[in-house]
Amino acid sequence: MPSTPAPRGFIVTVPITAPVPVSRLRTKDAFALPEAPDDHLVIRSIQAHPAASTRLIINAQGKGTPLTMHPEEPGLPIRMLRTFELTCAMCPSRARRVLDLMLHGTPQAWVCQACGQPS
């Protein structure tokens, strides 16, 4: 898999495949339902259903009525920003990076700029 450029080093990532269970989505993520792939929804809040323990209530921007979904129902992620604490694979340097899992993938390794320089 190609590496994702990042300031001060590089990150090797693995792509995330769609769809994903809606239980993996968080506030501010954007997704679409498989039956309406062009209707992008941005999550305002997601919570367990108070009466049905096997359901989630998802409030999306621009939608008056919340969605009630099973946690394993598929969603088509569009944006999933996540913050990762990374340790260089070659030295003890650490860095914090925000990656969009849909654009960049899930980080597997990071090499800092100092270790990535040719000697």
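Definitions and limits used
- Throughout, residues of each chain are indexed from 1 in the direction in which the sequence is written.
- Reporting of local features is limited, given that this is a predicted model, to residues whose pLDDT is at least 70; pairs of side-chain atoms are given and counted only at 80 or more, and all residues count toward the totals for whole chains, interfaces and linings.
- Derived side-chain values reflect all non-hydrogen atoms in the structure, with water molecules and hydrogen atoms excluded from consideration.
- Each residue carries a pLDDT score, the predictor's own confidence in it, on a scale running from 0 to 100.
- Helical segments are the DSSP runs of H or I of at least four residues, strand segments are the runs of E of at least two, and each set is numbered from the N terminus.
- Throughout, a residue-residue contact means that at least one pair of heavy atoms, one from each residue, lies within 4.5 Å.
- If DSSP finds at least two bridges between two strands, the strands pair.
- A side-chain nitrogen of Lys or Arg and a carboxyl oxygen of Asp or Glu constitute a salt bridge if their distance falls within 4 Å.
- Only protein chains enter the calculation, and the probe is 1.4 Å; a residue is then buried if its accessible area is under 20% of its type maximum, exposed if over 50%, and partly exposed in between.
- Polar contact is the term for a pair of N or O atoms within 3.5 Å; when the atoms are in protein, one must be able to donate a hydrogen and the other to accept it, and sequence-neighboring residues count only if both atoms are side-chain atoms.

## Digging into the confidence of the model for the protein
Thinking step 1. Here the protein shows a mean pLDDT of 89. Residues at 70 or above account for 93%.
Thinking step 2. Here strand β1 (residues 3-6) stands out as the element of the protein with the lowest mean pLDDT, 49, in contrast to strand β8 (residues 74-79), whose mean of 96 is the highest.

## Remarks on the environment of S23
Thinking step 1. Tracing the backbone shows S23 in the loop between β3 (20-21) and β4 (30-33).
Thinking step 2. Apart from residues no more than four positions distant in its own chain, S23 is found in contact with L56, P71 and E72.

## Observations regarding the sheet that holds β8
Thinking step 1. Taken in spatial order, the 6 strands line up as β3-β8-β4-β5-β6-β7 in an open sheet, and their pairing is antiparallel. Sheet topology places β3 and β7 (67-69) at the edges, where each strand pairs with a single neighbour.

## Thoughts on the pattern of salt bridges
Thinking step 1. The final tally for this structure, using the stated rule, is 3 salt bridges.
Thinking step 2. The residue R82 makes a salt bridge to D29 at a minimum N-O spacing of 2.9 Å. Of this pair, R82 sits in strand β9 (residues 81-87) while D29 is found in the loop between β3 and β4, placing the two residues 53 residues apart along the sequence. Each member of the pair, R82 as well as D29, is classed as buried.
Thinking step 3. The partner of D39 in a salt bridge is K63, and the shortest N-O contact between them spans 2.9 Å. Taken together, the positions of D39 in strand β5 (residues 36-48) and K63 in the loop between β6 (56-60) and β7 put the pair 24 residues apart, joining distant regions of the chain.

## Remarks on the side chain of N59
Thinking step 1. You can see N59 is positioned in strand β6.
Thinking step 2. Within the structure, N59 has its side chain in polar contact with the side chain of S45 (distance 2.9 Å).
Thinking step 3. Apart from residues lying up to four places away in sequence, N59 is in contact with V42, I43, R44, S45 and P66.

## A short note on unusual backbone geometry
Thinking step 1. Across the junction of A18 and P19, the peptide omega takes the value 0°, indicating a cis bond.
Thinking step 2. Checked against the element boundaries, P19 lands in the loop between β2 (9-14) and β3.
Thinking step 3. Even without being glycine, K28 reaches a positive phi, approximately 80°.
Thinking step 4. Residue placement: K28 occurs in the loop between β3 and β4.
Thinking step 5. With a relative accessible area of 61%, K28 lands in the exposed category.

## So, the pairing of strand β10 (residues 94-100)
Thinking step 1. As defined by bridge partners, β9 adjoins β10 across 7 bridges and the pair is classed as antiparallel. In the sheet register, R82 faces β10, and the bridge partner there is L99.
Thinking step 2. The antiparallel hairpin formed by β9 and β10 contains 6 residues in its connecting segment.

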